[in-house]
Number of protein chains: 2
Amino acid sequence: MPAIQPDQAAVAQQIRHLQDTLYVVNGKWKLPILVAVHQGTSRFRDIQRSVPGITTKVLSAELKALEQNKLVVRRVYDTSPPTVEYTTSPYCATLQTLIQEMIAWGKNHHDRLREE
Amino acid sequence: MPAIQPDQAAVAQQIRHLQDTLYVVNGKWKLPILVAVHQGTSRFRDIQRSVPGITTKVLSAELKALEQNKLVVRRVYDTSPPTVEYTTSPYCATLQTLIQEMIAWGKNHHDRLREE
DNA sequence: ATAGCTGGCATCCTTTAGGTAACTGGCATC
DNA sequence: GATGCCAGTTACCTAAAGGATGCCAGCTAT
């Protein structure tokens, strides 16, 4: 029987972890929303204005998904009219270095394309 | 006229950078493929085996996209039969910290879910 | 000779992400 | 009393991503 190849097993494991992350943050909108909310934008319409191009429907769905993954917290205040406030959870802070990395890479990549 | 709000402008800029990155790296497969190739898997069928569940059609398309974004290099050797070799470009190395971050986060997230 | 490997391509189909538009109910404003 | 803001929901639709299957041509090992 062939020997188990630890390299390949390790890589397969890494790929699985990567896919777990992708499962949570995949799509066009989740990370941009997180940036906006983390920065302090807490109201639905304000978030929508902060993330250019997003529609109410998509924003609503994405916020629900983020809430389910415990990255944002939704609070409803019993004012009149009811106020809804979105904030990032403490757990969301663990994504911050990743997000900063992506912002930096995107900036660099953009500059690089302009040079060509 | 209202004052320009530097915070909001800065956040909008960050979101744009983030979206530039997502444009390159978004989707279910690109980063996993990059991990496999970067680790040294260079042949088409080997890459396919390394990324569980991917089909030839999708792999082929993703490799082309990655090649266009200068993240992988495709070399054809004039052997018989022709050998095709995929490698990561030097530019791809700039994504490595990001990828490692995502792997680490995914692992942590997975562990966290198991604890609940 | 025949089975299997290589690096894919072609065709067809399903699923999902995302977009458009209209609408709600309660309040404030003009 | 009409308009507009808030925080969404609903129904419908398109485009893109992804999946299943079969195939090719040239080589190799049995």
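Residues numbered from 1 in each chain as written. Chains lettered and ligands numbered in written order. Predicted model: local features only at pLDDT ≥ 70, side-chain atom pairs only at ≥ 80, totals over all residues. Heavy atoms only, no water.

An unreviewed UniProt entry lists chain A under the name HxlR family transcriptional regulator, with Hymenobacter glacieicola as the source organism.

Glancing now at the nonpolar core. Most often, soluble globular proteins keep nonpolar side chains buried together rather than apart. By size, the foremost hydrophobic cluster in this structure holds 60 residues, and its most contacted members are Ile33, Leu34 and Leu71 of chain A together with Ile33, Leu34 and Leu71 of chain B. When residues of this core are traced back to their parent elements, those giving at least two are helix 1 (6-25), helix 2 (30-38), helix 4 (56-68) and helix 5 (96-115) of chain A together with helix 1 (6-25), helix 2 (30-38), helix 4 (56-68) and helix 5 (96-115) of chain B. (Core = buried A, V, L, I, M, F, W, Y, C linked by side-chain atoms within 4.5 Å. Buried < 20%, exposed > 50% of the residue type's maximum accessible area, 1.4 Å probe, protein only. Helix = DSSP H or I, 4+ residues; strand = E, 2+ residues; numbered from the N terminus.)

A separate point is the UniProt feature "domain: HTH hxlR-type" (unreviewed entry) in chain A. What UniProt calls "domain: HTH hxlR-type" (unreviewed entry) maps, in this numbering, to residues 12-114 of chain A. With 60% helix and 12% strand, residues 12-114 of chain A has end C-alpha atoms that lie 36 Å from one another. (UniProt positions renumbered as here; feature names shortened; annotations may be inferred.)

To continue, consider the interface of chain B and chain A. Contacts between chain B and chain A engage 41 residues on the former and 42 residues on the latter. Both faces considered, chain B and chain A share a buried interface measuring about 4,100 Å² in area, 67% of it formed by carbon and sulfur atoms. On the chain B side of the interface with chain A, the three residues burying the most area are Leu18, Tyr91 and Trp105 of chain B, jointly 18% of the side's total. On the surface where chain B and chain A come into contact, there are 2 salt bridges. When the shortest N-O distance is used, the salt bridge between Lys70 of chain B and Glu116 of chain A registers 3.8 Å. Connecting chain B to chain A are 12 residue pairs in polar contact (both at pLDDT 80 or more). (Contact = heavy atoms within 4.5 Å. Buried area = accessible area lost by both parts, 1.4 Å probe. Salt bridge = Lys/Arg side-chain N within 4 Å of Asp/Glu carboxyl O. Polar contact = N/O pair within 3.5 Å; in protein donor to acceptor, adjacent residues only side chain to side chain.)

Attention now goes to the protein's contact with DNA strand C. Around DNA strand C, the surrounding shell holds 19 residues, and the nearest of these are Lys57 of chain A together with Arg43, Arg45, Arg74 and Tyr86 of chain B. The sugar-phosphate portion of DNA strand C accounts for 55% of its atoms within 4 Å of the protein, the bases making up the rest. Glu62 of chain A is positioned such that a nitrogen or oxygen atom in its side chain is 3.4 Å from a phosphate oxygen of DNA strand C. With respect to DNA strand C, the side chain of Arg74 of chain B contributes an N or O atom lying 2.2 Å from a phosphate oxygen. Elements supplying a minimum of two residues to the surface near DNA strand C: helix 4 of chain A together with helix 3 (44-50), helix 4 and strand 2 (83-88) of chain B. It is helix 4 of chain B that provides the largest number of residues to the surface near DNA strand C, a total of 4 residues. Residues of the surface near DNA strand C, tallied by class, amount to 5 nonpolar, 5 polar and 9 charged. (Near = heavy atom within 4 Å. Nonpolar A, V, L, I, M, F, W, Y, C, P; charged D, E, K, R; others polar.)

Time to look at the pairing of strand 1 (residues 72-77) of chain B. Residue and element names in this part refer to chain B. Across 6 bridges, strand 1 lies against strand 2 in antiparallel orientation. Its bridge partner lying in strand 2, Arg75 is registered against Glu85. Hairpin connection from strand 1 to strand 2: 5 residues lie between these consecutive antiparallel strands. (Pairing = 2+ DSSP bridges.)

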